[in-house]
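Each chain, written out:
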Amino acid sequence: MNLDVHIQPASNGSQRVALGGRLDTHSYQQLDMQLAPLLASTVNSLVLDLANLEYISSAGVRSIFKARKALAGRGGRVVVVNPQPQIQKVFDVVKAVPLNEIFSSVAEADAYLDAMQKKVLRGEDEE
């Protein structure tokens, strides 16, 4: 499955972007390219709606952090809304322990995130 990116018209300095499908090593560049003009504009806040995002890898997480850093540099912010449980779990892991501090490689991090998301989808998540 590919990444679907739907950019809605900006309103009052805020831009809403809905993501669907998979945000991974094969699709993160698509997101980066589509966000680049928004991040270079006068938008103060970027709302990423993840209601239809089914999977995220470490590359996808980096894209979101890259957007956060770009807007934070000028006093803006990125807000993530409607993450599915397996996506929220990834964000919880990343917030608790930065990925670059617990994995020796991107492949190892992605393998862990993949297994963890599948576990959440099967209802086997142990908080």
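What this report covers is the structure whose coordinates are included nearby. Quantities reported herein were computed from a predicted structural model and do not represent experimental measurements.

About the criteria used
- Residue numbering note: each chain is counted from 1, following its sequence as written.
- Only residues with pLDDT of at least 70 get local features here, since the model is predicted, and only at 80 or more are side-chain atom pairs given and counted; chain-wide, interface and lining totals rely on the full set of residues.
- Excluding hydrogens and water, the side-chain values take into account all heavy atoms of the structure.
- Two strands make a pair as long as DSSP finds a minimum of two bridges between them.
- Under the DSSP-based scheme used, a helix requires at least four consecutive residues in state H or I and a strand at least two consecutive residues in state E, with every element numbered from the N terminus.
- To obtain an axis, a line is fitted to C-alpha atoms, over the contacting stretch when the element is a helix, and the angle between two such axes runs from 0 to 180 degrees between their N-to-C directions.
- Should any heavy atoms of two residues lie within 4.5 Å, those residues are counted as being in contact.
- For salt bridges, the criterion is a side-chain nitrogen of Lys or Arg within 4 Å of an Asp or Glu carboxyl oxygen.
- For every residue, the accessible area (1.4 Å probe, protein chains only) is compared with the maximum for its type, and the residue is labelled buried under 20%, exposed over 50%, or partly exposed between those bounds.
- One fewer than the residue count of a helix, multiplied by 1.5 Å, yields its expected span.
- What the arc measures is the spread of directions leading from the helix axis to the C-beta atoms.

### Here's the deal with the sheet that holds strand β2 (residues 14–23)
The 4 strands lie next to each other as β1-β2-β3-β4, forming an open sheet whose pairing is mixed. In this open sheet, the two strands that pair with only one neighbour each are β1 (3–7) and β4 (77–81). Between one strand and the next, the sheet's axes are offset by a mean angle of 20°, whatever the strand orientation. Pairing between β2 and strand β3 (residues 45–56): 9 bridges, direction parallel. Paired with Leu-23 across the bridge in β3 is Ile-56. Against the sheet, helix α1 (residues 28–39) touches β1, β2 and β3, its axis set at about 15° to β1. Against the sheet, helix α2 (residues 58–72) makes contact with β2, β3 and β4, and its axis sits at roughly 175° relative to β3, the strand it touches most.

### Description of the pattern of salt bridges
A side chain of one charge can pair with a side chain of the opposite charge when the charged atoms of the two come close. Tallied over the entire structure, the rule returns 5 salt bridges. A salt bridge links Arg-16 to Asp-49, with the nearest nitrogen and oxygen atoms 2.7 Å apart. Here the residue Arg-16 occupies a position in strand β2, and Asp-49 occupies one in strand β3, the gap between them amounting to 33 residues. A residue is classified by how much of its surface remains accessible, and Arg-16, at 31% relative accessible area, is partly exposed. Across the salt bridge formed by Asp-24 and Arg-22, the nearest N and O atoms sit 3.1 Å from each other. Using a relative accessible area of 9% as the deciding quantity, one classes Asp-24 as buried.

### As for α1
Along an α-helix, a turn takes 3.6 residues, which lines up residues three or four apart on a common side. Taking 1.5 Å per residue as the helical rise, α1 with its 12 residues ought to reach 16 Å, and the 15 Å between its terminal C-alpha atoms agrees with that figure. Among the residues of α1, those classed as buried are Leu-31, Asp-32, Leu-35, Leu-38 and Leu-39. The arc enclosing the buried residues of α1, seen along the axis, measures out at 115°, which places them on a common side. Facing away from the buried side of α1, by more than 90 degrees, are the exposed residues Met-33 and Pro-37.

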